[in-house]
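Geometric and topological summary
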Amino acid sequence: MLNLAGKNALVTGIANNRSIAWGIAQQLHSWGANLGITYLPDDRGKMEKKVAELVEPLSPSLFLPCNVENDEQIESTFNTITEKWGKLDILIHCLAFANKEDLTGNFSQTSRPGFNKALEVSTYSLIQLAGAAKPLMTEGGSIITLTYLGGVKVIPNYNVMGIAKAGLEMSVRYLASELGPQNIRVNAISAGPIRTLASSAVGGILDMIHHVEQVAPLRRTVTQLEVGNAAAFLCSDLASGITGQVLYVDAGYEIMGM
Ligand code: 0WE
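One structure accompanies this document, and this report is about it. (Residues numbered from 1 in each chain as written. Predicted model: local features only at pLDDT ≥ 70, side-chain atom pairs only at ≥ 80, totals over all residues. Heavy atoms only, no water.)

1. Some points on the packing of aromatic side chains
Following the criterion strictly, the structure yields two aromatic pairs and no others. Between Tyr39 and Phe63 the ring centres are 4.7 Å apart and the planes differ by 25 degrees, which places this aromatic pair in the stacked class. Of this pair, Tyr39 sits in strand β2 (residues 34–39) while Phe63 sits in strand β3 (residues 62–65), and the two are 24 residues apart along the sequence. For Phe63, a relative accessible area of 25% puts it in the partly exposed group. (Phe/Tyr/Trp six-rings, centres within 6.5 Å; stacked < 30°, edge-to-face > 60°. Helix = DSSP H or I, 4+ residues; strand = E, 2+ residues; numbered from the N terminus. Buried < 20%, exposed > 50% of the residue type's maximum accessible area, 1.4 Å probe, protein only.)

What follows is the structure in structure tokens.
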């Protein structure tokens, strides 16, 4: 039986009710996990209020601001986990950002600051959070991040995010190798395109979704809750032998050549 009772799970990357991280948080909660939720703070406190209202039904025992560009916020997040929980079992990394101008047009025109920003927020943050989580995962653990096919194959306009996801997937393997002896498993879920706050800001996402609906073996896209179920499996004891992997939750799209 899938059972996450007694497990403490930190979930990053919830922005609204369309976030994949929201689908994951709901499923972890439904299998009995104790949740800690982080949000990206803004100076007007709008995000804090919005995410707090959304997650209230999951009664998270921790609710913390965590901008991964801010070392103090990361330190404070993990200090709070140490104080309030004592140990961490599950870390869900659902963070990515690239400047909008770097997600369109010629990849060769990617600016150095744009490149650095995308890789800092989307790739380095996994390394950093895993490093901070390691000493807290005293009874083993499971780390999951979200990736996309654009890190393996060329997807028009994904551009610098493709490089960030390629680095992210390789980081999963290096982290899995380092943390395995401590029984900490590290895996990625490669989700098919879903309408979210991030993807809706991208031109042509509806055409991409329409394409997947024509071509994917299941003739549809996937939902946030389906990604959530895969995440629940990966961080449960049912997946105790799985680490360093990229699991495609994409209605089968990735296997197709035409
Ligand atoms: O990883 C992603 C989203 C990444 C993303 C999206 C945005 C939009 C708004 C990162 N940073 C930003 N910055 C913004 O200002 N996906 C897998 C969704 C996605 O994004 C694409 C896609 C798909 C699919 C971008 C271009 C082409 C396809």
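2. Remarks on the sheet that holds β3
With respect to topology, seven strands assemble into an open sheet ordered β3-β2-β1-β4-β5-β6-β7, the strand pairing being parallel. The sheet is open, and its two borders are formed by β3 and β7 (246–249), each paired with just one other strand. Averaged over neighbouring strand pairs, the angle between their axes works out to 20 degrees when direction is ignored. Pairing of strand β4 (residues 90–93) with strand β5 (residues 141–147) involves four bridges; the strand directions are parallel. (Pairing = 2+ DSSP bridges. Axes fitted to C-alpha atoms, helices over the stretch in contact; angles between N-to-C directions.)

3. Quick word on the state of the cysteines
Here is the idea: a disulfide is a covalent bond, and it sits between the sulfur atoms of two cysteines. Using the criterion set out here, one finds zero disulfides in the structure. Cys94 forms no disulfide, and the closest cysteine sulfur to it belongs to Cys235, at a distance of 11 Å. Overall, the relative accessible area of 3% leaves Cys235 in the buried class. (Disulfide = S-S within 2.5 Å.)

4. Let's talk about the site of the ligand
Within the structure, the ligand sits among 14 residues, and Ala98, Pro156, Tyr158, Ala198 and Val202 are positioned closest to it. Contacts to the ligand include Ala98, whose backbone N or O atom sits 2.7 Å from a nitrogen atom. Here Tyr158 contributes a side-chain N or O atom positioned 2.7 Å from an oxygen atom of the ligand. Against a free-state accessible area of 590 Å², the protein chains account for coverage of 88% of the ligand. The cavity that encloses the ligand is the largest pocket. Going through the elements one at a time, α6 (197–200) and α7 (205–215) are the ones with two or more residues in the shell around the ligand. Of the residues in the shell around the ligand, the class split is eleven nonpolar, two polar and one charged. (Near = heavy atom within 4 Å. Polar contact = N/O pair within 3.5 Å; in protein donor to acceptor, adjacent residues only side chain to side chain. Areas by Shrake-Rupley, 256 points an atom, 1.4 Å probe, with all protein chains shown as cover. 1 Å grid on protein atoms, 1.4 Å probe; cavity = no way out; pocket = protein on both sides within 12 Å on 5 of 7 lines; lining within 4 Å. Sits in = over half its atoms within 2 Å of the grid points. Nonpolar A, V, L, I, M, F, W, Y, C, P; charged D, E, K, R; others polar.)

5. A look at the nonpolar core
Residues Val11, Ile14, Ile24, Leu28, Leu35, Ile189 and Val227 are the most contacted members of the largest nonpolar core, which totals 41 residues. Looking at this core, the elements that each hand over two or more residues are β1 (8–11), α1 (20–30), β2, α2 (46–55), β4, β5, β6 (184–191) and α8 (224–235). Contact partners of Val227, with chain neighbours within four places excluded, come to Ile20, Ile24, Leu146, Ile189, Ala191, Ile194, Val222 and Val249. (Core = buried A, V, L, I, M, F, W, Y, C linked by side-chain atoms within 4.5 Å. Contact = heavy atoms within 4.5 Å.)

6. Describing α2
Taken together, the buried positions of α2 are occupied by Met47, Val51, Leu54 and Val55. The buried residues of α2 occupy one face: seen down the axis, they fall within an arc of 85 degrees. Of the residues in α2, the exposed ones pointing more than 90 degrees away from the buried face are Lys46, Lys49 and Glu53. The inward-facing, buried residues of α2 contact α1, β2 and β3. (Arc of directions from axis to C-beta.)

7. Section: the layout of surface pockets
Within this model, the largest pocket holds a volume of roughly 1,500 Å³. Forming the walls of the largest pocket are 50 residues, and the residues nearest its centre are Ala96, Phe97, Thr196, Ala198 and Ser199. Where the lining of the largest pocket is concerned, the elements lending two or more residues are α1, β2, α4 (112–133), β5, α5 (159–179), α6 and α7. For the lining of the largest pocket, a count of residues per class yields 31 nonpolar, 14 polar and five charged. Lining of the second largest pocket is provided by 14 residues; of these, Lys7, Glu139, Gly140, Gly141 and Asp237 occupy positions nearest its centre. (Points joined across faces, edges and corners; volume = space filled by probe spheres on them.)

8. A few points about unusual backbone geometry
One non-glycine residue with positive phi stands out, namely Ser59, at about 35 degrees. Mapped onto the secondary structure, Ser59 falls in the loop between α2 and β3. For Ser59, a relative accessible area of 52% gives the class exposed.

9. Quick look at a nonpolar patch on the surface
On the surface, a cluster of nonpolar side chains totalling about 240 Å² of accessible area is made up of Phe107, Phe115 and Ile163. Mapping Ile163 onto the fold places it in helix α5. Classification of Ile163 by relative accessible area gives partly exposed; the value is 32%. (Patch = residues over 30% accessible without salt bridge, like charges linked within 9 Å, V, L, I, M, F, W, Y side chains within 5 Å. Salt bridge = Lys/Arg side-chain N within 4 Å of Asp/Glu carboxyl O.)

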